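Survey of secondary and tertiary structure
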Amino acid sequence: MTDTATETRSVILEREFPHALEKIWRALTQPHLIAEWLLKNDFQPVVGHPFKLRGDPQPGWNGIIDCKVLVVEPNKTLSYTWVAGEADLAIQSVVTFSVSPAGAGTLLRMEQTGFRPDQQRNYQGAKYGWAHFFGRLEQVLEKQV
Amino acid sequence: MSNAQDLLFRTLADPTRRTSFERLCREGEQTVGALTTRAKVSQPAVSKHLAVLKQAGLVRDRHEGRQTHYSAQLSALAPLIDWTSQMTGFWQSRFDQLEDLLKRMDQ
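Residues numbered from 1 in each chain as written. Chains lettered and ligands numbered in written order. Predicted model: local features only at pLDDT ≥ 70, side-chain atom pairs only at ≥ 80, totals over all residues.

Turning to the overall build of chain A, a few remarks are in order. On a plain count of helices and strands, chain A comes out with 3 helices and 7 strands. Burial statistics for chain A: of 145 residues in total, 26% are counted as buried. Sequence-distant contacts in chain A: of pairs separated by 6 or more residues, those separated by 24 or more amount to 42%. (Helix = DSSP H or I, 4+ residues; strand = E, 2+ residues; numbered from the N terminus. Buried ≥ 20, exposed ≤ 12 C-beta atoms within 10 Å, placed from the backbone. Contact = placed C-beta atoms within 7 Å.)

Structure (structure tokens):
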């Protein structure tokens, strides 16, 4: 049976880094390091810990992503909820990072799965990621010339 | 391409219009006068561009005394936005930053 009220979408990104697995794990789980590559935060590697990631506020969005730690398996898997947007219109998603040895380095896999009512998807997308849109629009427009 | 997308692309294809819209997105509500000061065209031309943006639902106007204030309507971009590709772009740039950080951690 298909549930038409909600829709699930995933973003998966994998990259090999020529660095030790433990070092990448630190970058994923230590607040001051997370702040350097992802966003400012009050993260703690404790299951159930609620925390916020703080980006720059934009028109229509306060820049805050509400999160809660779901899984912490040291040097293996880290997962947390990721809710961007306000109240009932928020984008609900779960981000999962997995690290595994790859040759002399480490493979990092990030999967973000979003759930939300279909009719709100585009609206929230616009509120959430308008800045990125301009880059895409430029590309499309260039192709059309 | 749907009619809604077609209208948005046509509206934003003009560089002056796109610049005004982008400015309203980044800086919030502004008067025609304020937008004209920084555009390279006359006030009537800016007003005309704003009227086109308004017709496409991309801006909203608000009258206060003799001034008209314009603000961006981000929800109008809805037909063009795709969450998956947005987030992919976001994470790609964050992975680049992670790569830089990992290099710095060596030092």
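Read on for the rest.
On to the overall build of chain B, then. Helix and strand counts for chain B stand at 5 helices and 3 strands. Ordered by position in the sequence, the α and β elements of chain B form the string α-α-β-α-α-β-β-α. Here chain B holds 107 residues, and 27% of them are scored as buried. Contacts spanning at least 24 positions in sequence make up 54% of the contacts within chain B whose residues lie at least 6 apart.

On to the confidence of the model for chain A, then. Residue and element names in this part refer to chain A. In this model, chain A carries an average pLDDT of 78, and 66% of its residues clear a pLDDT of 70 or more. Confidence drops under a pLDDT of 50 for residues 1-6, and excluding neighbours within four residues, the segment shows 6 contacts in the predicted structure. A low-confidence stretch, residues 117-138 (pLDDT under 50), is modelled with 50 contacts involving residues beyond four sequence positions or located in other chains. (pLDDT = per-residue confidence, 0-100.)

Moving on: helix 2 (residues 15-27) of chain B. All names here are of chain B. In this model helix 2 runs 18 Å from its N-terminal to its C-terminal C-alpha over 13 residues, within 8% of the 18 Å that 1.5 Å per residue would give. Within helix 2 the residues assigned to the buried category are R17, S20, F21, L24 and C25. All buried residues of helix 2 lie within an arc of 135° about the axis, which places them on one face of the element. The exposed set on the far side of helix 2, more than 90 degrees from its buried face, consists of P15 and E27. The positive-phi residue at the C-terminal boundary of helix 2 is G28, with phi of around 85°. (Expected span 1.5 Å × (residues − 1). Arc of directions from axis to C-beta.)

As a general feature of sheets, a regular strand has side chains that alternate between the two faces. Residue and element names in this part refer to chain B. As defined by bridge partners, strand 2 (residues 59-64) adjoins strand 3 (residues 67-72) across 6 bridges and the pair is classed as antiparallel. Along strand 3, the bridge assignment pairs E64 with Q67. Two successive antiparallel strands, strand 2 and strand 3, enclose a turn made up of 2 residues, where G65 displays a positive phi of approximately 60°. (Pairing = 2+ DSSP bridges.)

In this section: the pairing of strand 5 (residues 77-84) of chain A. All names here are of chain A. Pairing of strand 4 (residues 64-73) with strand 5, which is carried by 8 bridges, proceeds in the antiparallel orientation. Within the sheet, the bridge partner assigned to E73 lies in strand 5 and is T77. Counted along the chain from strand 4 to the antiparallel partner strand 5, the turn is 3 residues long, and its residue N75 has a positive phi close to 60°.

All names here are of chain B. Averaged over all residues, the pLDDT of chain B is 86; the fraction at 70 or higher stands at 90%. When pLDDT is averaged over each helix and strand of chain B, the minimum, 78, is found for helix 1 (residues 3-12) and the maximum, 94, for helix 4 (residues 43-55). Across the assembled chains, the prediction reports ipTM 0.72 with pTM 0.58.

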